[in-house]
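Residue-level structural notes
Spelled out, the chains give:
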Amino acid sequence: MDSFILPKEPRLCWNSFFSDGVTRSPFNQFGNRPAHYLFWARNAIYHGLAALAVKPGDQILVPAFHCATLVDAILQYGAEVQFYDINADLTPNFSHIEDRIREKTKAILAIHYCGFPQPIEEFRTLCRKRNIYLIEDCAHVLPGMSDGNLLGSFGDIGVFSLRKFFPIYDGGLLIINNPDLKLNIVLETTNPFLSLKILKNTLERSFANRQWSRAVALASVFLKIFGNLSTTARDARNLNSYDLSFDLHAVNRGMSWISKKIVEHTYLPTLIARRRHNYQKLSDAIENLPGVTALYAKLPENITPWEFPLLSERKNLHLPLRARGIPATTWGGVIHPTLRLESYPGAQFLYDHLVFLPIHQSLEEQDISNLTSGLRQIVTS
Ligand SMILES: Cc1ncc(COP(=O)(O)O)c(C=O)c1O
């Protein structure tokens, strides 16, 4: 287990709930459009395919630069996946996409990487021209945040992963934008063992002090004892939010009550301002560092970034960063095994050279300084 000098993920703290009385929940950004709250975004992709009436053997075009779990959701649904390349600046390779459209192509999936909008109008025009659906993967987007337009409202369906922005264990959202699509999901509520596990995990992320440690220890003991007696408790105990595998048996699991409440009551302006501030501070600090470049040096208005995408000349920069306690990541370890990477030079470059750095709302000025100086030491040594 890596140990880090700055928090890897947002923490839950009281002041994230303080508001000026004006609530702006990410849940009410899409008006009356049908919204389904699922446990993970991967489950939302799976059910989204049902809404699009995808049949076994239909094909979905998916970016070659991806997190494998979204590919698994499509394959486990029974559809085929065809990959298209992503350029080194994270834009889609449209000529690659056009070349790959076949009769059986039912939908194209577009990812707004790190919360930065893709040329989504271009995707939409292409899909309309070729009579195929558009799946807008907004797993890295805070619902409601976009560059003047509402990301997640362009695709026939939009998918969000709320747990990437909030200190929560679970949370996926499926928005159905196309009025011709119908979807009924009988959601499974979280069983008491899983609720306990989620509560324990929430407390672990909480308040950055030890006041909850007894409750956490108690919940662990309880799950351990019952995990030996009941399968449901064992499944809850073994569930790991960092595990990116796709579990078909849990595909109907709904978002937990605890996570929903945390999202509903978080005061968004503070969260947004903090993430934007951290992003810009990091961007300014690394401007003149050798061998690394911010993919987006300036933050456009209305963007709430998920992470900071950094291009590095050297491969696997995340490894020395992690060795210094900086929770940097890449997607090099989450490439879907069916992808023949040598045919996708853009994606291959990104897996090797694009590093995601944390800029979340729980990082303080000192954390960003520590991150910057760790990075400086590595790239100048
Ligand atoms: C682009 C993208 N889509 C979908 C997902 C799946 O999200 P979740 O972990 O909530 O299932 C991820 C996960 O990292 C992702 O990066």
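Up top you'll find the structure we're talking about.
Structural notes, computed from the coordinates. (Residues numbered from 1 in each chain as written. Predicted model: local features only at pLDDT ≥ 70, side-chain atom pairs only at ≥ 80, totals over all residues. Heavy atoms only, no water.)

**A few points about the overall build of the chain**
Counting secondary structure elements, the chain contains twelve helices and ten strands. In terms of overall size, the chain behaves like a compact globule, its C-alpha atoms giving a radius of gyration of 21 Å where 381 residues would be expected to give roughly 21 Å. Structurally, the chain occupies a C-alpha span of about 60 × 55 × 45 Å along its principal axes. Here the chain, with 381 residues, has 56% of them falling under the buried criterion. Considering only contacts in the chain between residues 6 or more positions apart, those separated by 24 or more positions represent 73%. A total accessible area of about 17,000 Å² is found for the chain, and carbon and sulfur atoms account for 51% of it. Side chains of the chain give 39 positive and 35 negative charges; the mean places of these two sets differ by 6 Å. (Helix = DSSP H or I, 4+ residues; strand = E, 2+ residues; numbered from the N terminus. Rg over C-alpha atoms; globule rule 2.2 N^0.38 Å. Buried < 20%, exposed > 50% of the residue type's maximum accessible area, 1.4 Å probe, protein only. Contact = heavy atoms within 4.5 Å. Areas by Shrake-Rupley, 256 points an atom, 1.4 Å probe, with all protein chains shown as cover. Lys, Arg positive; Asp, Glu negative; His and termini not counted. Charge placed at Lys NZ, Arg CZ, Asp CG, Glu CD.)

**Considering the sheet that holds strand β2 (residues 59-63)**
Ordered in space as β1-β7-β6-β5-β4-β2-β3, the seven strands form an open sheet in which the pairing is mixed. Among the strands making up the open sheet, the edge pair consists of β1 (35-38) and β3 (80-84). Adjacent strand axes in the sheet meet at a mean angle of 20° when their direction is disregarded. (Pairing = 2+ DSSP bridges. Axes fitted to C-alpha atoms, helices over the stretch in contact; angles between N-to-C directions.)

**Side note on the site of the ligand**
In the region of the ligand, 14 residues are neighbours, and Arg-42, Asp-137, His-140, Ser-161 and Arg-163 sit closest. One of the side-chain N or O atoms of Ser-161 is found 2.8 Å from an oxygen atom in the ligand. At a separation of 2.8 Å, an oxygen atom of the ligand approaches a polar side-chain atom of Arg-163. Considered on its own, the ligand offers 390 Å² of accessible surface; in the complex 97% of this is hidden by protein. Mapped onto the shell around the ligand, the elements with two or more residues apiece are α1 (41-51) and α2 (68-77). (Near = heavy atom within 4 Å. Polar contact = N/O pair within 3.5 Å; in protein donor to acceptor, adjacent residues only side chain to side chain.)

**What about the packing of helix α5 (residues 192-204) against helix α7 (residues 231-238)?**
Contact pair α5 / α7: the axes reach a minimum separation of 8 Å and the direction vectors enclose 25°. With respect to each other, α5 and α7 are oriented roughly parallel. When the axes of α5 and α7 are compared, the crossing they make is right-handed. Across from Phe-193, Leu-194 and Lys-197 in α5, the residues of α7 making contact are Thr-232, Ala-233, Ala-236, Arg-237 and Asn-238. Looking at the contact of α5 with α7 residue by residue, the class counts come to four nonpolar, two polar and two charged. (Parallel < 35°, antiparallel > 145°, perpendicular 65-115°, else oblique. Left-handed = near helix turned anticlockwise from the far one by under 90°. Nonpolar A, V, L, I, M, F, W, Y, C, P; charged D, E, K, R; others polar.)

**Structural notes on the environment of Asp-137**
You can see Asp-137 is positioned in strand β5 (residues 133-138). For the pair formed by Asp-137 and Phe-160, sequence separation is 23 residues and the distance between their alpha carbons is 6.8 Å. If we skip the residues at most four places from it in the chain, Asp-137 touches Ile-45, Leu-70, Leu-109, Ala-110, Ile-111, His-112 and Val-159. Looking at Asp-137, its side chain comes within polar contact range of the main-chain nitrogen of Ala-139, at 2.9 Å.

**Remarks on the sheet that holds strand β10 (residues 354-358)**
Strand order in the open sheet made by the three strands is β8-β9-β10, with antiparallel pairing throughout. Here the strands that pair on one side only, and so sit at the sheet edges, are β8 (292-294) and β10. Pairwise comparison of adjacent strand axes, ignoring direction, gives a mean angle of 35° for this sheet. Direction of pairing for strand β9 (residues 307-312) relative to β10: antiparallel, over a ladder of five bridges.

**Structural notes on the side chain of Ser-259**
Following the sequence through the fold, Ser-259 ends up in helix α8 (residues 257-265). Overall, the relative accessible area of 1% leaves Ser-259 in the buried class. Excluding residues within four positions of it along the chain, Ser-259 makes contact with Ile-168, Tyr-169, Asp-170 and Ile-198.

**Side note on the packing of aromatic side chains**
Counted under the stated rule, the structure contains 18 aromatic pairs. Relative to Tyr-169, the ring of Phe-39 lies with its centre 6.3 Å away and its plane at 65°, an arrangement referred to as edge-to-face. On the criterion of sequence distance, the pair formed by Phe-39 in the loop between β1 and α1 and Tyr-169 in the loop between β6 (157-161) and β7 (172-176) is long-range, its members being 130 residues apart. Grouping residues by exposure puts Phe-39 and Tyr-169 together as buried. Look at Trp-331 and Phe-356: their rings are 5.4 Å apart centre to centre, the planes differ by 65°, and that puts the pair in the edge-to-face class. Within this pair, whereas Trp-331 is found in the loop between α10 (318-323) and α11 (345-353), its partner Phe-356 is found in strand β10, the two being separated by 25 residues in sequence. A residue is classified by how much of its surface remains accessible, and Phe-356, at 2% relative accessible area, is buried. Put simply, the rings of Phe-65, Tyr-113, Trp-306, Trp-331, Tyr-351 and Phe-356 touch in pairs and so form one group of aromatic residues. (Phe/Tyr/Trp six-rings, centres within 6.5 Å; stacked < 30°, edge-to-face > 60°.)

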